[in-house]
Amino acid sequence: MFSLQRIFLKLIDLNNWILLWSSTTLILASTLIMRTLEPETFPSLFDSFWWVMTTVTTVGYGDFYPVTIAGRVYAVFLYIFGIGLIGVVIGKIIDSFTVLRKMREEGKLDYKGENHIVIIGWSKKAEYAVEEILQTDPGMEIVLIDLLEKSPIKNNRVFYVQGSATNHGILHKANISGSKAVIIFADDSIEDSLLADGKTLLIATAVERIAKDAHTTVEVLHEEHIQNFVHVHVDEFVVTHETVSRMAVRSAFTKGVSSVYSQLMSHQVGDDLYQITPKPEWLTYRDAFNALIQEGATLIATNEGINISRRLDEKILEGTVLYIICDKGTYEKIIVA
């Protein structure tokens with residue numbers, strides 16, 4: 001018993017590839033040996049292989065079994081060593097899945113997908129952003145970069161990478177060069193807004209060097225700090241303190257205006273804001289406006305601004321993007337038509 005115990009302990013310590021090679025060799029050799037020892041009991045190699053597999057996995061259907069002394073002696077060998085070896089292999093496979101799951105939770109694995117959205121910095125704002133993305137696009141995957149010990153959210157579409165986003169190696173682990181968009185949130189743990197925006201600037205600089213084609217949105221705490229990003233390519237800025245304060249003031253002077261903001265900004269409230277490309281038959285913005293009204297959508301802006309009502313008779317230039325407000329069903333109908 002002591003000798004068998006030592007053997008199994010050594011098996012556990014063996015390299016995974018050696019274990020896999022040994023178990024495969026044992027199964028194939030046993031298939032040939034049993035077919036040779038008892039050709040009448042096992043008419044084909046598949047029958048012999050079937051018996052070997054049901055034996056080493058302890059299933060034991062009993063549809064095939066050795067009847068000769070030589071066959072039974074070899075069966076005893078399989079009972080003692082084969083079952084132990086396969087048991088160790090199965091245990092190693094299960095352990096590998098456990099290790100992979102743990103590494104994923106701790107952000108140790110590389111993300112291999114593309115056209116995903118990278119969110120840098122975990123906070124309550126980032127949590128809301130994740131929820132909004134998941135609800136807006138059922139197929140979109142998210143990669144979160146932060147210094148937390150474990151992933152703060154459990155969802156198969158959210159992949160966690162642990163580390164500092166100023167480190168190029170961490171950004172490569174998130175495959176940021178293959179991302180569709182990058183959202184950088186200010187660090188809420190830094191009380192000094194100047195230092196918080198300074199850290200955001202460092203991250204934006206690192207991101208811009210690797211992901212030049214990704215659409216980058218950066219949160220800054222104060223609007224005057226935006227000028228510090230002049231040498232960094234950032235597509236859009238979100239000014240947290242000013243935005244919240246101005247929204248609060250607007251709601252104080254204009255009752256109910258906050259619900260309008262909510263509809264524009266959230267997928268969960270009312271109609272949504274969608275982006276579309278002009279159709280060939282729309283020569284002017286008036287053509288687009290009237291056609292969209294008939295479909296149940298409202299044209300409110302272009303990529304040049306929200307003064308669409310004063311530009312209705314202007315021609316729609318190539319590359320123009322239109323923004324409309326409607327429900328999801330109307331949007332899908334418009335883009336398909």
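Rules used in this analysis
Residues numbered from 1 in each chain as written. Predicted model: local features only at pLDDT ≥ 70, side-chain atom pairs only at ≥ 80, totals over all residues. Heavy atoms only, no water. Pairing = 2+ DSSP bridges. Helix = DSSP H or I, 4+ residues; strand = E, 2+ residues; numbered from the N terminus. Axes fitted to C-alpha atoms, helices over the stretch in contact; angles between N-to-C directions. Contact = heavy atoms within 4.5 Å. Core = buried A, V, L, I, M, F, W, Y, C linked by side-chain atoms within 4.5 Å. Buried < 20%, exposed > 50% of the residue type's maximum accessible area, 1.4 Å probe, protein only. Phe/Tyr/Trp six-rings, centres within 6.5 Å; stacked < 30°, edge-to-face > 60°. Nonpolar A, V, L, I, M, F, W, Y, C, P; charged D, E, K, R; others polar. Arc of directions from axis to C-beta. Expected span 1.5 Å × (residues − 1). Patch = residues over 30% accessible without salt bridge, like charges linked within 9 Å, V, L, I, M, F, W, Y side chains within 5 Å. Areas by Shrake-Rupley, 256 points an atom, 1.4 Å probe, with all protein chains shown as cover. Salt bridge = Lys/Arg side-chain N within 4 Å of Asp/Glu carboxyl O. Lys, Arg positive; Asp, Glu negative; His and termini not counted. Charge placed at Lys NZ, Arg CZ, Asp CG, Glu CD.

1. Description of the sheet that holds strand 9 (residues 322-326)
So, point 1. Strand order in the open sheet formed by 3 strands is 7-9-8, with antiparallel pairing between adjacent strands. Where the open sheet ends on each side, the last strands, each with one partner, are strand 7 (272-276) and strand 8 (298-302). Taken over all neighbouring pairs, the strand axes of this sheet differ in orientation by 35 degrees on average, direction set aside.
So, point 2. Sitting on the sheet, helix 10 (residues 285-295) touches strand 7, strand 8 and strand 9, and the angle it makes with strand 8 is about 145 degrees.
So, point 3. Of the strands in this sheet, strand 7 and strand 9 are in contact with helix 11 (residues 328-336), which crosses strand 7 at around 10 degrees.

2. Structural notes on the nonpolar core
So, point 1. One finds I120, I145, L171, I176, V182, I184 and V207 to be the most contacted residues of the largest nonpolar core, which totals 27 residues.
So, point 2. Those elements that place two or more of their residues in this core are strand 1 (117-120), strand 2 (142-146), strand 3 (158-162), helix 6 (168-173), strand 4 (181-184), helix 7 (193-210) and strand 5 (215-220).
So, point 3. By residue number, the principal contributor to this core is helix 7, which donates 5 residues.
So, point 4. Apart from the residues within four sequence positions on either side, L171 is in contact with I120, I145, A165, I176, A206, V207 and I210.
So, point 5. Membership of the second largest hydrophobic core comes to 16 residues, among which are A129, I133, A181 and F185.

3. Points about the pairing of strand 4
So, point 1. Of the two faces of strand 4, the one carrying A181 and I183 and the one carrying V182 and I184 are both buried.
So, point 2. Judged from the 4 bridges that link them, strand 1 and strand 4 form a sheet pairing that is parallel. The partner of V118 across the bridge, within strand 4, is V182.
So, point 3. In this sheet, strand 5 lies alongside strand 4 in parallel orientation, the contact comprising 4 bridges.

4. Brief notes about the packing of aromatic side chains
So, point 1. Enumeration over the complete set of coordinates arrives at 7 aromatic pairs.
So, point 2. Summarising the aromatic geometry, the rings of Y74 and F77 are spaced 5.4 Å apart at their centres and angled 40 degrees between planes, so their arrangement reads as tilted. Placement of the pair is Y74 and F77 together in helix 4 (residues 69-105), with a separation of 3 residues, close to one helical turn.
So, point 3. Under the relative-accessibility criterion, Y74 is labelled buried at 15%.
So, point 4. Ring centres of Y274 and Y331 lie 4.2 Å apart, and the angle between their planes is 10 degrees; on these two criteria the pair is classed as stacked. Within this pair, whereas Y274 is found in strand 7, its partner Y331 is found in helix 11, the two being separated by 57 residues in sequence.

5. A few points about the environment of E141
So, point 1. Tracing the backbone shows E141 in the loop between helix 5 (124-136) and strand 2.
So, point 2. Among the residues examined, E141 registers a relative accessible area of 32% and is labelled partly exposed.
So, point 3. Taking the C-alpha atoms as reference points, E141 and N156, 15 residues apart in sequence, are found 8.5 Å from one another.
So, point 4. The contact partners of E141, leaving out residues within four places of it in the chain, are Y111, H116, I117 and R157.

6. Observations concerning the packing of helix 3 (residues 45-56) against helix 4
So, point 1. It is the contact of helix 3 with helix 4, at a shortest axis distance of 8 Å, that shows an interaxial angle of 65 degrees. When helix 3 is examined against helix 4, the residues W51, T55 and V56 are found in contact with a partner set consisting of A75, L78, Y79, G82, I83 and I86.
So, point 2. A per-class count over the contact of helix 3 with helix 4 returns 7 nonpolar, 2 polar and no charged.

7. Quick look at the side chain of T216
So, point 1. For T216, the location among the structural elements is in strand 5.
So, point 2. The exposure class of T216 is buried, given its relative accessible area of 4%.
So, point 3. Sequence-distant contacts of T216, defined by excluding residues within four places in its chain, comprise V182, I184, V207, H233, V234, D235 and E236.

8. Quick word on the side chain of R311
So, point 1. Take R311: it is sitting in the loop between strand 8 and strand 9.
So, point 2. Residue contacts for R311: discarding those within four places in its chain leaves Y285, T302 and E304.

9. Comments concerning helix 10
So, point 1. Along helix 10, the positions that sit buried rather than exposed are Y285, A288 and L292. Each buried residue of helix 10 lies within a common arc of 60 degrees when the element is viewed along its axis, so the set occupies one face.
So, point 2. Here the buried face of helix 10 lies against strand 7, strand 8, strand 9 and helix 11.

10. Examining helix 5
So, point 1. With 13 residues, helix 5 ought to run about 18 Å at 1.5 Å a step, and its terminal C-alpha atoms sit 18 Å apart, in line with that.
So, point 2. Residues of helix 5 that are buried: A126, A129, V130, E132, I133 and L134.

11. Some remarks on a positive patch on the surface
So, point 1. Together, R101, K102, K150 and K154 give the surface a local cluster of positive charge.
So, point 2. By secondary structure assignment, the location of R101 is in helix 4.
So, point 3. Classification of R101 by relative accessible area gives partly exposed; the value is 49%.

12. Focus on the sheet that holds strand 3
In sheet architecture, strand pairing relies on hydrogen bonds along the backbone and comes in two forms, parallel and antiparallel.
So, point 1. Strand order in the open sheet formed by 6 strands is 3-2-1-4-5-6, and the pairing between neighbours is parallel. Edge positions in the sheet fall to strand 3 and strand 6 (236-239), since each has one partner strand and no second. Averaged over all pairs of adjacent strands, the angle between strand axes in this sheet comes to 20 degrees, irrespective of strand direction.
So, point 2. The sheet contact formed by strand 2 and strand 3 spans 5 bridges and is parallel.

By themselves, these are just geometric observations and shouldn't be taken as functional.
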